[in-house]
Amino acid sequence: MLGYLGNGFIHLFTTMAAPALLGGVILGIIIGVLPGLTATMGIALLIPLTYYVSPSIGLSMLVGIFTGGIYGGSVSAILLKTPGTPAAGATILDGNPLAQKGQAGKAIAIATIASAIGGLIGALILSLLAPQIAKIAVRFGPPEYVLLGIYGLTMISYVSGTSLIRGLFAGCIGLLISTFGVDPISSVPRFTFGTLNLLTGFELLPILIGIFAMSQAIEGVKNSREVMPPQAKLTKVGISLQEFFRILPHIVKSAFIGTFVGAVPGTGTDIAAFLSYGEAKRSSKYPEEFGKGSIEGVAAPESGNNACVNGAMIPMFTLGIPGEAATAVILGGLMVLGLQPGPLLFVDKPEIIYTVFASTITSNLFMIIVGILGARVFAKVLSLPKSIIVSFIFIFSVVGSYSMRNSMFDIIVMMCSGLLGYVFTIIDYPIPPVLLGVILGPLVESNLGRTLLVSGGNLTIFFKRPISIFFIIVIVGTISSNIYKHFKSKDAPQES
Amino acid sequence: MDIKHKRALQIGINIFFICIVICMFFISSKYAFVKGIHLGARTFPVIVGVLILLFGTVNIIVTIYKIKNENESITKEEPELEPSNSFNKYVRKYRVGISIGLMALYYIFLSLFGFVIATALFLVSILYVMEYRKPVPVTLVTILGVGLIYISFKVLLGVPLPTGLLF
C-alpha cells in the first residue's frame, strides 16, 4: 500500500496533477469565501473542465476544490460572520468574536492550521485505512443513525450559553423548521401549503446565512455609528507555540471525529463541525471562553470539517456510495472519466486511486501555504468602513441564498431567518441550537421511521447492536456529565 | 434595549412560537399519527410541538419570575449629536426598522428590475441609513460593488443572479 502511495506522489509531482491541485485549492478557497457558493457547487461547475485532461489531473483538481472550498468558508465566517459554506456554521461561534476582539489574523491562522492538520490526518486515514473504516461504516443502520443524530442534539447543551431551557427551546424550533416538506417515510407533503417551494423543505444554507449573516447585518445597522477600534482592523497573522500546543489535542481529536462522521454516508461536514465543536467545549480546560473567541472553538470545527472531506471519500472510493452532496458530484465526475468506483477500482486503477490519495494529502499542504499567504489579504476586509461591510453583508446574504437553487423563495427564507436571528440576539436566546435542530432533525426522523419498520416496532433493537450500544453509552455519559456540571456550577460560590 | 422591553419581547417570542405550534397541531390533524409500525407524518411534529409548548411555558414563567425580582437598572446612553434635518433625525431613530423595510423593498425590486438596478438602489439607500452619505464614495462603492459581484458570480463562475420581470 505504501508503495502505491509513493507511486501516487511520484505521479502527482511528475505530471500536471500538482499544478491542477494547487489551482483547485486556490479556486476552492475563492469559492468557499464567497457566501452561497459551496464546495459542491464549485466541483459541479468545474467537472466539465476535467473532460479535457487525464483522470488523475482532473480528480486532483476536484480534490483541491473540495478541500479549499470547505476551508474557504471559514474566512468569511470569521471576518463577516457570514458562513461561506454550511460547514463553517460552527466556526462563526468563536471565529467572529475573535475577529471582533481585533485578532482576525490569529483566527484565520488557527482556522488554516487546524483545517490543514485535520485534513492531513483525515487524508492519511483515507490513504491507509479506507477499506477497514468502510467495513464499519456499512454496518451503520437506521438505529445507529438515530443515535448519531441524538448524540448531535446533545451538543445543544454546549452551545446554549447560560440557559439550557432557552437552548432546548431554540433547538426545538430548529427541529420544527426541519419538519416542513415531504415526510421521509410516508411521502406525505407536510406543511407545504400547496406550494412547490416547500416540497423539499427549507434549504439549510439560506437559514444559515439568515440567522448568522443577515441578523448580524441588522445588528450592524443598529451599531453603525460606532467607530471600529483601530486594533480591530488588521492584526498579525499567526499563533504562538503555546497556543498551538493548546489547540493541537483538539485538532487531532476533531480530525478523528470528522473522518469517522464523513465515512458514514448521509452525514456531512456541517454535522462533523458541530460535533467537533461540542466535544472540544466538553473536554476543554477553558469552556467558559467558548462563544467569546476561544481559539479551541475555532480550531475544532475547522479540523473536523476538513477531516470530514477525506472521510466522505472513504465510502465513495471503496464502496461506490457517495456519503454527501459533494462526493456525489465527484462520483459523477469519476463516472464521466470512465471510472467505476468500488472495490475493483483499487485493483484495476491503483495508480489513479493512489494519485488521488496523494492529492488529498498534498492539498492540505498547499492549503496552509495559500491560506497563510492570503490571510493578510482577507483580513484587510476589516479595514473598510463598517457601513460598507454591513451593506455588502446584506447583498451577499441575498446572492448567497439565491444562488444555491436559483430560488427567490430562498431569499424570503433567508430574510425571515435573519429576523428570527436578530430577535434571538437582542433577547439573549442562543442561535446555534436552531441550526443543530435544522441539520439533525431529518436524520433522526427518517431513521427513526426506518428503525421502527425494520424492527417491527420493537425498540429493543437499539440495545442489540454493538455500535448502537456504543452510542447509547456516549449519549448517557454526555447527558450525565452535563447534569453533574450543572449542579457543580450551582454549588460553586457565585462571583459578585 | 432596556430590560423591560427585553423581557416583554422574550415573553412575546415564546407566545408567538406556542401559537405556531397550536396552529401546527390543527394543520397536522389530517396526517396519520403512528399506524402500527409506521411513524406517521404527524408524529415527529407533534413530539417537537409538545416540547416547544413545554419549554416555551417554562421560559415564560422564568421570565415573569425575573421581572418580579429584578430592579431595573437604567443605563443612560451617551447623548449623540442630533442631525439638523428632521428627516435624518427620523432615519437615525428608526434605522433598524427602516433597514428591514429596505430589505423587503429590495426583494420586490429584485423581482421587478433584476439584480443590477435593485442592488444599486439598495446599496445607496442602506448606506444613507447608516449615514455614509458622501456622493463620490457612495457612487464608487455602488458601481464597483455591483460590478464586482456581477462579474465574479455571473461572468466568471456562471452562477445566475436574480432576474426581474423587466430586466
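The preceding data block contains the structure.
Heads up: these notes are all about the structure in this document.

What counts, and where the lines are drawn
- Residues numbered from 1 in each chain as written.
- Chains lettered and ligands numbered in written order.
- Predicted model: local features only at pLDDT ≥ 70, side-chain atom pairs only at ≥ 80, totals over all residues.
- Heavy atoms only, no water.
- Helix = DSSP H or I, 4+ residues; strand = E, 2+ residues; numbered from the N terminus.
- Rg over C-alpha atoms; globule rule 2.2 N^0.38 Å.
- Buried < 20%, exposed > 50% of the residue type's maximum accessible area, 1.4 Å probe, protein only.
- Contact = heavy atoms within 4.5 Å.
- Areas by Shrake-Rupley, 256 points an atom, 1.4 Å probe, with all protein chains shown as cover.
- Lys, Arg positive; Asp, Glu negative; His and termini not counted.
- Charge placed at Lys NZ, Arg CZ, Asp CG, Glu CD.
- Patch = residues over 30% accessible without salt bridge, like charges linked within 9 Å, V, L, I, M, F, W, Y side chains within 5 Å.
- Salt bridge = Lys/Arg side-chain N within 4 Å of Asp/Glu carboxyl O.
- Disulfide = S-S within 2.5 Å.
- Buried area = accessible area lost by both parts, 1.4 Å probe.
- Phe/Tyr/Trp six-rings, centres within 6.5 Å; stacked < 30°, edge-to-face > 60°.

Quick notes on the overall build of chain A
Okay, so step 1: Looking only at helices and strands, chain A has 19 helices and two strands in total.
Okay, so step 2: Relative to its length of 496 residues, chain A is compact, with a C-alpha radius of gyration of 22 Å against a globular reference of 23 Å.
Okay, so step 3: Each of the three principal axes of chain A carries a C-alpha extent, and together these read 65 × 60 × 50 Å.
Okay, so step 4: Of all 496 residues assigned to chain A, the portion counted as buried reaches 64%.
Okay, so step 5: Within chain A, contacts between residues at least 6 apart in sequence are counted, and of these 79% link residues at least 24 apart.
Okay, so step 6: Summing over all exposed atoms, chain A offers an accessible surface of approximately 17600 Å²; the carbon and sulfur share of this is 69%.
Okay, so step 7: Of the side-chain charges in chain A, 28 are positive and 21 negative, and the distance between the mean point of each set is 4 Å.

Considerations on a nonpolar patch on the surface
Okay, so step 1: Together, Val116(B), Ile117(B), Leu121(B), Tyr150(B), Ile151(B), Val155(B) and Leu156(B) make up an exposed nonpolar region whose accessible area comes to about 620 Å².
Okay, so step 2: Counting residues per element, the nonpolar patch draws most heavily on helix H6 (residues 135-156) of chain B, which supplies four residues.

Focus on unusual backbone geometry
In terms of backbone geometry, most residues other than glycine have negative phi values and most peptide bonds are trans.
Okay, so step 1: Residues other than glycine seldom take positive phi values, yet Asn406(A) does so here, at roughly 50 degrees.
Okay, so step 2: Here Asn406(A) shows up in the loop between helix H16 (386-405) and helix H17 (408-426).
Okay, so step 3: Its identity as a non-glycine residue notwithstanding, Glu131(B) has a phi of 60 degrees, on the positive side.
Okay, so step 4: Turning to its location among the elements, Glu131(B) is positioned in the loop between helix H5 (115-129) and H6.

A closer look at the state of the cysteines
Okay, so step 1: The full count for this structure, using the stated rule, is zero disulfides over all chains.
Okay, so step 2: For the unlinked cysteine Cys23(B), the closest cysteine sulfur is that of Cys19(B), found at 6.8 Å.

A word on the interface of chain B and chain A
Okay, so step 1: With 59 residues of chain B in contact, the opposing surface of chain A contributes 67 residues.
Okay, so step 2: Across the interface of chain B and chain A, roughly 5700 Å² is buried in total on both sides, 80% from carbon and sulfur atoms.
Okay, so step 3: Broken down residue by residue, the surface that chain B buries against chain A is led by Leu39(B), Phe44(B) and Met130(B), which jointly contribute 12%.
Okay, so step 4: The interface formed by chain B and chain A contains one salt bridge.
Okay, so step 5: Across the pair Asp428(A) and Lys6(B) runs a salt bridge, and its minimum N-O distance is 2.5 Å.
Okay, so step 6: Where the side of chain B that touches chain A is concerned, the elements lending two or more residues are helix H1 (3-27), strand S2 (38-39), helix H2 (43-69), helix H4 (95-113), H5 and H6 of chain B.

Some points on the packing of aromatic side chains
All names here are of chain B.
Okay, so step 1: Scanning all chains against the criterion turns up 20 aromatic pairs over all chains.
Okay, so step 2: Judged by centre distance (4.5 Å) and plane angle (10 degrees), the ring pair of Tyr-106 and Phe-122 falls under stacked. Of the two residues, Tyr-106 sits in helix H4 while Phe-122 sits in helix H5, which places them 16 residues apart along the sequence. Phe-122 matches Tyr-106 in its accessibility class, with the two residues each being buried.

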